[in-house]
Amino acid sequence: FLKHLNEIGDVLENEPMSKHTTLRVGGNARYFVYPKSVIGLMRLLELAKENNVQTKIVGKGSNLLVSDDNFDGMMINLDRYFNEVIFEENKVSVYAGQSIIFLAHEAMKRGLSGLEFASGIPGTVGGACFMNAGAYKSELKDIIDAVWVLRDGNCVWMKPEECEFGYRTSIFKQNPDWIILAVRFNLTKKDSAEIKEVMDSRRQRRLDSQPLNKPSAGSVFKNPENGAAWKLIDDAGLRGYMIGGAKVSEKHSNFIVNETNAKAQDILDLIEFIQKSVNDKFNVSLKTEVECFNWKKR
């Protein structure tokens, strides 16, 4: 099995997931594989199925809370080889493993607007599409032309309306066996200097308002209807609150930071404490943006 894996991609064994998540937490994955091609990825999935090995696609781990337990399965990462970018007039096609920040900057250099909002999202194109990432009142779905998906053993292009995009969700969340391989975007011609100015000002806003100097997974909770998650957490008196090594950021209270060698359990406990506190005080149920993986059901 391992011999076959090494023929298909780069393989790491018993790899700490703390190296592959922006929260810097998580137990070891039995296999961590970088497939070298679409054909290799398809064969990898077949091998895993034949050997009853559970698989999970992971990008830059920027929206993922992996438990402290070891994962006796295979994490598949596309960001090493699935990163080709093709610009054609106002469209760009890009493999799922490419950084969305890199793509936004490449579009800016070519005078193509539409990705400015994504220039600070520390994830891959595939991950951003999976959760319909957004910022500054824009979402990825606004500019998607089509998504190339490995679905039931076939590679198909899906139209945006087939993807069931919603607020931080998509059809891909309901179908974890489907794998986003690439995305094609519709962009708009604009002066590069104007695009850069918008990106620079937003970068400064992030630096001023977000704890970018500490490990985090970005915004932890979705904003409830007609409200802001950070304000509810603030009004519940939880800014700066700590459980173990996990802390509600004093800079932005919808961020949980790994303050001092936090365990994944500390972070989950803090998430659940925030949810209970906000619900008790305001009767509002906060839903997480962050995806939890490899947790035993409580």
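Here is what the cut-offs are and how they apply
- Residues numbered from 1 in each chain as written.
- Predicted model: local features only at pLDDT ≥ 70, side-chain atom pairs only at ≥ 80, totals over all residues.
- Heavy atoms only, no water.
- Axes fitted to C-alpha atoms, helices over the stretch in contact; angles between N-to-C directions.
- Helix = DSSP H or I, 4+ residues; strand = E, 2+ residues; numbered from the N terminus.
- Parallel < 35°, antiparallel > 145°, perpendicular 65-115°, else oblique.
- Contact = heavy atoms within 4.5 Å.
- Salt bridge = Lys/Arg side-chain N within 4 Å of Asp/Glu carboxyl O.
- Buried < 20%, exposed > 50% of the residue type's maximum accessible area, 1.4 Å probe, protein only.
- Pairing = 2+ DSSP bridges.

**So, the packing of helix α3 (residues 100-109) against helix α6 (residues 192-209)**
And then number 1: One can describe the packing of α3 onto α6 by two numbers: an axis separation of 8 Å at closest approach and a directional angle of 150 degrees. Put simply, α3 runs roughly antiparallel to α6. Contacts from A104, H105, M108 and K109 in α3 reach S192, I195, K196 and M199 in α6.

**Focus: the pattern of salt bridges**
And then number 1: As enumerated under the stated definition, the model contains 23 salt bridges in all.
And then number 2: Across the salt bridge formed by R30 and E13, the nearest N and O atoms sit 3.1 Å from each other. With R30 in strand β2 (residues 28-35) and E13 in strand β1 (residues 9-16), the pair connects residues that are 17 residues apart, well separated along the chain.
And then number 3: Take R30: its relative accessible area is 27%, and that puts it in the partly exposed class.
And then number 4: R184 is the partner of D145 in a salt bridge, and the nearest nitrogen-oxygen pair spans 2.7 Å. Separated by 39 residues along the polypeptide, D145 in strand β11 (residues 144-151) and R184 in strand β13 (residues 179-186) bring together distant segments of the chain.
And then number 5: In this structure R184 comes out as partly exposed when scored by relative accessible area, which is 24%.
And then number 6: Through salt bridges with shared partners, a single network forms among E139, K141, D142, R168 and E289.

**Thoughts on the environment of T55**
And then number 1: If you trace the backbone, T55 turns up in strand β3 (residues 55-58).
And then number 2: Judged by relative accessible area, T55 falls into the partly exposed class, the value being 31%.
And then number 3: Through-space distance from the C-alpha of T55 to that of F32 is 9.7 Å; in sequence the pair is 23 residues apart.
And then number 4: The residues touching T55, leaving out its near neighbours within four places in the chain, are L45, A48, M74 and I76.

**Observations concerning the sheet that holds strand β15 (residues 216-219)**
And then number 1: Strand order in this open sheet of four strands is β15-β18-β17-β16, and the pairing throughout is antiparallel. In this open sheet, the two edge strands, each paired with only one partner strand, are β15 and β16 (242-243).
And then number 2: Judged from the two bridges that link them, β15 and strand β18 (residues 255-258) form a sheet pairing that is antiparallel. Note on β18: the bridge partner recorded for S216 is V257.

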